[in-house]
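Each chain is listed here by its residues.
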Amino acid sequence: DILETGSADAPFSGEDAEQKAALVALEGYAARLRAGELVGQSNHVPPSAILSDGEVAKFLRRCSTTYVCQHEPRLLYKQMLLTQSVAGTEDVAVEFEDGYEYGSHNGAATLITVALGDSKPRRALQGTLATLDMHGLQVERVLVDMIGDPPSDKPGLPSAGVTLVRAIVRSPAGAVADNTQLANDLRRFKWLDDSALSLAAAHPTLGLERAESTAALATLSLALLDHPLLSRNNMLSLLERPAFAPQLAALSDVFAARFDPTSPMDDAAFGAAIDDFDKSVAVGFQAEESRSLLHAMGRCLRHTMRTNAPLAESRRALALRLDPALFAQPISQHAPHVLQLPYGVFFVAGRHFSSFHVRFADVARGGLRVVAPADSEAHVAESRRHFLECLNLAWAQQLKNKDIPEGGSKGVCLVTPGSSSKERAELLHGSVKATIDGMLDLISPGALARLGEAAEAPADRVGRGPEQIYLGPDENITPDDIDWVVHRAAERGYARPAAFMSSKPAEGINHKEFGVTSEGVAVFLDVALNALGLSPRTEPWSVKLTGGPDGDVAGNMLQILHREYGDKVRVVGMADGSGCAEDPAGLPMAELLRLFEQSLPLSALDRAALSPSGLLTTVDTEEGFHARNSMHNRVVADAFIPAGGRPSAINGSNWRDFLLPDGTPSAKVIVEGANLFVTPEARQALFEECGLPIIKDSSANKCGVICSSLEIAASIVLERDEFVALKPAYVPAVVDRLRALARLEASRIMAESRLRPHVPLPKLSEQLSLAILRVTNAAADALESLEPERKERLWPLMREHLPAPLFDAYSTRIAEALPWEYQKSLIAASLASRLVYREGLSWAESLPSEALPTVCLEYLRQEQRIRQLAEDVRTSSLGERDEVSELLI
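Since this is a predicted model, take the numbers as computed values, not measurements.

*Asks:* Is there a simple way to think about the packing of aromatic side chains in this case?
*Replies:* For any pair of aromatic rings, the description consists of the separation of the ring centres together with the inter-plane angle of the planes. Under the criterion given, the structure shown has 13 aromatic pairs. Relative to Phe387, the ring of Phe327 lies with its centre 4.1 Å away and its plane at 15°, an arrangement referred to as stacked. Of this pair, Phe327 sits in the loop between strand E7 (318-322) and helix H13 (328-334) while Phe387 sits in helix H15 (residues 386-400), placing them 60 residues apart in sequence. Given the relative accessible area of 1%, Phe387 is considered buried. When the ring of Phe360 is compared with that of Trp395, the centres are 5.2 Å apart and the planes differ by 65°; the resulting orientation is edge-to-face. A residue pair is termed long-range when its members are at least 10 positions apart, and Phe360 in the loop between strand E9 (353-359) and strand E10 (364-371) and Trp395 in helix H15 qualify at 35 residues. No difference in accessibility class separates Phe360 from Trp395, as the two residues are buried. Connected via pairs of aromatic rings, a cluster forms that spans Phe327, Phe347, Phe356 and Phe387. Above the ring of Phe270, the side-chain terminus of Arg258 is found at 4.2 Å from the ring centroid.

Printed below as a string of C-alpha cells:
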C-alpha cells in the first residue's frame, strides 16, 4: 500500500462539513503565517502575497476535495507555492524535506515533492519512481494528484495541468543521497525518450544526462549507417548490453567536456579523445555491427559544433548544430543528385521524436513537417531514411526557391507511433514545441550567452553568433503550432519572431485558406495540357489525385479545377489516408467540394452521390487498403497530380506499376503537387520507357514558398495591425504574382523541351533552377561591388518582386526596414529569374562564370534605362503613350 492517486473526485468547493473544517484549518495556519509566528522555522513557508486569502481560494478551486481535506495545512501551503511556480508552463519544480516523520523511523525519511507542469499523471509517476530507483532510494509511499491550471490565452493546445507527485523515501543504510543530482534528474526525466531511460536503467552508473547524450548520438548515427543489423530498435538494444557501458561513459564524458561553458575542451584534446575512443572500440569489440555503430557515434560527436546540453535545467530536448561534412559520404552514396553539401544541419532528439533541419544557404526558407508512422514497423523504416528524406526535401526546396531571396531548407520531425487520436495530437504538438525550443536554444542570443557561445567566444565553433532560421508549415503542422512557434520565438528573444514561421492565421497568409501552392500547380497543369494538344477549357478531360479533400494542395486543387474548367474536367480517382474513391464517369464535384469546405477526409464522402460506376473503399478493410495504395497506378486519366502521400511512392523498383498492359502510362502527364512522390530514378525510367512528361515538384509546387517569402517581407516592414489592414489588398496581389511566376517557368520549360526533346522535363526543371541560382550568385556579387550611392538607387528595383499594395504604400519604409543583404538577394534573385526565363538555358549556360557579374550589371543598367524611357513616354503627350510604355517594359 505505497501508492495513492487522487483527483478522481469533485473539485474542492468548501461547502460540506469536511471541506469547511479543512478551510478553518487552512485559515488558522495562514493567520499564524501572517502574524510571523513561523518565520525562521524549518519546513514552513515564509509569508507571501501568493498566500493571500484570494489566491488561496483560487488555488483550492483547482484542486480535488480529497487532496485538500487530507493534507495538513503546512504541506498544502508548501505544495501550493511549488505548484504555482510551474502552473501554466511546462517546467518542473522539486523540493526536499529531510527528516520527515513517517512510520516507525521518525526523522529518517525524506519527503520529495515534484510538480510537473502540463504533464499526465501516469508518465509523471512512472518517471519519478524510475528516477528514485536509479538513485537507490526505497519508496515508502507515493501520492499523485492533478491540479488544474488557471485560465490562459497562450497559443497551443490546452495544458494538462500540474501533476503533483509526493514520495516518502529512505536511503539504504550508510548511503548519502545526492539531492542536487537527484533534483536535476527529476527535472529532466519528463523530456527524455524511452531509449535514454532504458539506457540509464541498463547502465546505472551512466546516469540520465549521459544516457540522453548517448541515445541521441546513436539515433543520429542512423544517418551514417547502412547496415542490415542496425535498425533503430536493434541498435538501442545492442547498446544496453553490459559490454558497452565503458565506451558509452567515455564518449558521453568527452561530449560533456567539449561543451562545458566554463572550460571547454580544446580542439587538440578533443581530437585526441575521439581518437582514443575509436582505438578502444577497435580493440574491445569483435562484432562488425558493434564497431560500426560506436565509430559512427564518435564521428557524430566529432562533427558537433554546438549543443544545448549545458542548459539541462531549462531545455526540452537535446539539440546539436552539426558540421555538414559529417554527411558527405551518405550524400555521395545515396543522394548524388544533391550537388553541394548543406550550409547547416540541426539535429534535435527528445521525448518520442527526433528532428533534422537542413538548409543550403545562410538565409534559407522551407517548411517544417511532422512524420507520424502508423506503427512501430513503419517507424523503423522511416528512421532509416529520416536524414535523407530531409536532405532531399531541402535540396528540392533549394531548387524551388530560385525566384526568391532565400535559399532552400527543410525540417522533418519523426515521431514514434501513438495510440489514441487525442494522444497523437498531443504527441505531434509536443514534438513540434520541443523541436523549436531546442533550435531556439542554439540560435537565440540569450541561450547562446548562457552556453558561452557568443560570436567572439572561444567556445563557439560555428564561427558566428545567432543564426536566422525561417520556417513554414508543412505536413501535420496546425494553426495552433504556428501560433505557438511565433509566440515562443518572441518569448525567447529571437530577433524577428514574426518572421520565424510563415502562414500565421491573422498576420500571415495561410496556405490552405488561400490555396497558394495549388494556384501554381494549376498553372503548370494548364500549360502542360495545352502542350500535349489538349484544350482543357473547351474539351473534356480527366484527372486523378492523391491527397484528401481536407488537405491543402489536393483540396484547393478541387476548388481551382471547378473554378477554371467547370464540367469539362472529371476527377476519376482520389486517394488519401482514409480511403480511395474512383469513378470513370467522374466523382461528384459538389460532394468533393463539400468535404473540402468542411475539412473532411475522403471516407466521409456520401456514397449515395456516386454514379453507378463509382466506388468508395476505406482503409479499414484489406480491399480498401490495397485500393488506396494502388489508385495512382491503376486509374486511367489524362493527368495525375500527386498532392499528398508519402515520398517515394513511385520509385526505382515499382515504376512499371504506373504502366498499363500495353506499356502506355496510366496518365499522359504528372504534375507533382507533393514533394518527392516520384523518385529521380522513377522519373528517368518512365521517360526512357514511354516518354512520360513529369513536371518536377521543385517547379510545380514552388508558389507556396514564394508566398511565404512575400509574407515575411511584409512582416519585416509592417506592424501586426498594419499587415492585417493591408491583407485584403495584399493577398490577391500575391496570388497574381504567384500565377505569373508559375506561368513564366512553365512556358520556359515547355519551350526548352521543344528545343531539347531528348531531355526529360525534370532534368530541364533542375537545369533551369541551377542556371537561375548561378546567375543569382553572380548578380549578388556584382551588386555588392557597387559603390554605396549606387546601392541606394537600386532599391526601387524591388518593385519587380514585391506586390504593388506593399511597395506603393510603404516604399520609403521598405528601404529602411529591409537590410541591404536582404535587398541585394531580393534584387539579384528577381533579376536572375527574369533574365533566364526570357533568354533561356542556352544563353545562361553559354556564359562563363567570370563574365556573369559584368553581364548582370549591364543587363541591370539596360533595364533601368528602358524603365526610364518607358516613364518618359508615359508622361509625354504621345497619343498612344500608355501602350508604348507597356511594350517597352
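Structure's up, so let's keep going.
*Asks:* Looking at this structure, how should I read the nonpolar core?
*Replies:* When a protein is soluble and globular, its nonpolar side chains tend to lie buried together. With 106 residues, the main nonpolar core has Leu525, Trp541, Val543, Met557, Leu802, Leu806 and Ile814 as its most contacted residues. When residues in this core are grouped by element, the largest group, twelve residues, is from helix H28 (residues 720-755). Every residue in contact with Leu806, bar those within four places of it in the chain, is listed here: Ala714, Leu718, Leu726, Tyr730, Ser811 and Ile814. By size, the runner-up hydrophobic cluster in this structure holds 85 residues, among which are Ile112, Leu236, Val345 and Phe347.

*Asks:* How should I be thinking about the side chain of Ser195 in this particular structure?
*Replies:* Locating Ser195 in the fold gives a position in helix H7 (residues 194-202). Here Asp193 takes part through its side chain, which lies 2.8 Å from a polar atom of the side chain of Ser195.

*Asks:* Help me out: how do you make sense of the sheet that holds strand E16 (residues 615-618) in this one?
*Replies:* Backbone hydrogen bonds hold the strands of a sheet together, and the pairing may be parallel or antiparallel. Strands sit in the order E16-E15-E14-E13-E17-E18-E19 across an open sheet of seven strands; the sheet is mixed. Unpaired on one side and paired on the other, E16 and strand E19 (694-695) mark the two borders of the sheet. Contacting strand E13 (541-546), strand E14 (569-576), strand E15 (579-582), E16 and strand E17 (637-642), helix H24 (residues 622-634) crosses the sheet at an angle of about 55° to E15.

*Asks:* Where do I start with the state of the cysteines in this structure?
*Replies:* The term disulfide refers to a covalent linkage connecting the sulfur atoms of a pair of cysteines. Inspection of every chain in the model, using the stated rule, returns zero disulfides. Unpaired in this structure, Cys703 has its nearest cysteine sulfur neighbour in Cys707, at a distance of 8.9 Å. Owing to a relative accessible area of 0%, Cys703 belongs among the buried residues under this scheme.

*Asks:* How do you make sense of the pairing of strand E3 (residues 109-117) when you look at a structure like this?
*Replies:* Here is the key point about a regular strand: its side chains alternate between the two faces of the sheet. With nine of nine residues buried, E3 lies mostly within the body of the structure. Relative to E3, strand E2 (residues 92-100) runs antiparallel, the two being bridged by eight bridges. Considered in E3, the bridge of Glu95 is made with Thr113. One ladder, built from eight bridges, connects E3 with strand E5 (residues 162-170); its direction is antiparallel. Bridging from a neighbouring strand, Ile112 pairs with Ala167 of E5.

*Asks:* Explain the sheet that holds strand E12 (residues 470-473) here, please?
*Replies:* Read from one edge to the other, the open sheet built from seven strands follows the order E6-E7-E8-E9-E11-E10-E12, with strand pairing classed as mixed. Of all the strands in the sheet, the pair left with one neighbour each is strand E6 (304-307) and E12. Taken over all neighbouring pairs, the strand axes of this sheet differ in orientation by 20° on average, direction set aside. This element, helix H8 (residues 207-221), spans E7, strand E8 (344-350) and E9 of the sheet and lies at about 50° to E7.

*Asks:* Would you explain helix H14 (residues 376-384) in this entry?
*Replies:* An α-helix turns once every 3.6 residues. As a result, residues three or four positions apart point the same way. Those residues of H14 that sit buried are His379, Val380, Glu382 and Ser383. The arc enclosing the buried residues of H14, seen along the axis, measures out at 165°, which places them on a common side. Structurally, H14 contributes buried residues whose contacts are with helix H9 (232-239), E10, H15 and strand E11 (407-415). You can read the cap of H14 off the contacts: a side-chain oxygen lies 3.3 Å from the backbone nitrogen of Glu377, and it is on Asp375.

*Asks:* Looking at this structure, I do not really get the packing of helix H5 (residues 121-134) against helix H6 (residues 179-188). What am I missing?
*Replies:* How two helices sit against one another is set out by the angle between their axes and by the gap between those axes. Relative orientation of the contacting elements H5 and H6 amounts to 150°, with a least axis distance of 9 Å. Of the possible angle classes, the one that applies to H5 and H6 is roughly antiparallel. The two elements H5 and H6 meet at a crossing, and its hand is right-handed. In this structure, H5 contributes Thr128, Thr131 and Leu132 to the contact, and H6 contributes Leu182, Asp185 and Leu186. Across the contact of H5 with H6, the residue classes break down as three nonpolar, two polar and one charged.

Conventions used here
Residues numbered from 1 in each chain as written. Predicted model: local features only at pLDDT ≥ 70, side-chain atom pairs only at ≥ 80, totals over all residues. Heavy atoms only, no water. Phe/Tyr/Trp six-rings, centres within 6.5 Å; stacked < 30°, edge-to-face > 60°. Helix = DSSP H or I, 4+ residues; strand = E, 2+ residues; numbered from the N terminus. Buried < 20%, exposed > 50% of the residue type's maximum accessible area, 1.4 Å probe, protein only. Lys NZ or Arg CZ within 6 Å of the ring centre and 35° of its normal. Core = buried A, V, L, I, M, F, W, Y, C linked by side-chain atoms within 4.5 Å. Contact = heavy atoms within 4.5 Å. Polar contact = N/O pair within 3.5 Å; in protein donor to acceptor, adjacent residues only side chain to side chain. Pairing = 2+ DSSP bridges. Axes fitted to C-alpha atoms, helices over the stretch in contact; angles between N-to-C directions. Disulfide = S-S within 2.5 Å. Arc of directions from axis to C-beta. Parallel < 35°, antiparallel > 145°, perpendicular 65-115°, else oblique. Left-handed = near helix turned anticlockwise from the far one by under 90°. Nonpolar A, V, L, I, M, F, W, Y, C, P; charged D, E, K, R; others polar.

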